[in-house]
Amino acid sequence: DAKTTQPNSMESNEEEPVHLPCNHSTISGTDYIHWYRQLPSQGPEYVIHGLTSNVNNRMASLAIAEDRKSSTLILHRATLRDAAVYYCILRYSGNTPLVFGKGTRLSVIA
Amino acid sequence: DVKVTQSSRYLVKRTGEKVFLECVQDMDHENMFWYRQDPGLGLRLIYFSYDVKMKEKGDIPEGYSVSREKKERFSLILESASTNQTSMYLCASRIGTGRQETQYFGPGTRLLVL
């Protein structure tokens, strides 16, 4: 699987937007970019994923660079409940498992 | 809502015991996975299954086996528990591929082997 690089940790103020970066310079044309997050003492949960175009859902937005070598997960208004580890994962479309890296630990300050 | 349930949130076992961790999903998903999570090591894949009676080894299968007799149930078996298998165990199931794909995780089982 192609590798991703994320900052170990980030901090945000409550009610501010948060931009979580992910670099994936070796991405292939068929790799989807997935984001999951893991709240304290819980299993990971799906956030969003995309292939080439920017994607929006009720949780977040995913901005994908034109060359697809990087992407950014955008939380439009961080809340204390968004404090979690966020994982950026590349996955070829097919029957292969998700492989998790270390992710970015997001702290949200009231 | 999709539900992935795991039989126990917390479990304490003794070294050498045979341990069964059960995972059930209620959405007819074909793909199911077992991970373990340890501080500093992240989530690591133990075994996965694409269909009933099918199984594939993940990155760290040693000391574990799995069973998938029914589509909704995927069991992880520790044949002879050891202290280095103390960990958080997470089960997941997945629907769809590509654009439609979403993976759902259970709440985890925290296993302590004494």
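Bear in mind that the values here come from a model prediction, so they are computed numbers and not experimental data.

Colleague: Help me out: how do you make sense of the environment of B:C23 in this one?
Modeller: Residue and element names in this part refer to chain B. Along the chain, C23 turns up in strand 3 (residues 19-25). For C23, a relative accessible area of 0% corresponds to the buried category. When near neighbours in sequence (up to four residues on either side) are disregarded, C23 contacts V4, T5, M32, W34, E72, R73, F74 and C91.

Colleague: Help me out: how do you make sense of the environment of B:Q103 in this one?
Modeller: Along the chain, the position of B:Q103 falls in strand 10 (residues 102-105). B:Q103 has contacts with A:Y36, A:Y46, A:L98, B:F33, B:Y35, B:A92, B:S93 and B:R94, leaving out every residue within four places of it along the chain. Reaching out from B:Q103, the side chain makes a polar contact with the side chain of B:Y35 at a distance of 3.3 Å.

Colleague: It is not clear to me how unusual backbone geometry should be interpreted in this structure. Could you clarify?
Modeller: Phi is positive for A:E15, close to 70°, though the residue is something other than glycine. Within the secondary structure, A:E15 is located in the loop between strand 1 (9-13) and strand 2 (18-23).

Colleague: How should the state of the cysteines be read in this particular structure?
Modeller: Within the structure shown, the criterion is met by 2 disulfides over all chains. In this model, A:C22 is linked to A:C88 through a disulfide, with the two sulfur atoms separated by 2.1 Å. Looking along the S-S bond of the A:C22-A:C88 disulfide, the torsion reads about -85°, which is the left-handed sense. Remark: A:C88 occurs in strand 8 (residues 84-92) and A:C22 occurs in strand 2; sequence separation between them is 66 residues. Take A:C22 and A:C88: they sit in the same class, and that class is buried. With a sulfur-sulfur separation of 1.8 Å, B:C23 is cross-linked through a disulfide to B:C91. Judged by the torsion about the S-S bond (-80°), the B:C23/B:C91 disulfide is left-handed. One end of the pair, B:C23, is in strand 3; the other, B:C91, is in strand 9 (residues 87-95), with 68 residues separating them in the sequence.

Thresholds applied
Residues numbered from 1 in each chain as written. Chains lettered and ligands numbered in written order. Predicted model: local features only at pLDDT ≥ 70, side-chain atom pairs only at ≥ 80, totals over all residues. Heavy atoms only, no water. Helix = DSSP H or I, 4+ residues; strand = E, 2+ residues; numbered from the N terminus. Buried < 20%, exposed > 50% of the residue type's maximum accessible area, 1.4 Å probe, protein only. Contact = heavy atoms within 4.5 Å. Polar contact = N/O pair within 3.5 Å; in protein donor to acceptor, adjacent residues only side chain to side chain. Disulfide = S-S within 2.5 Å.

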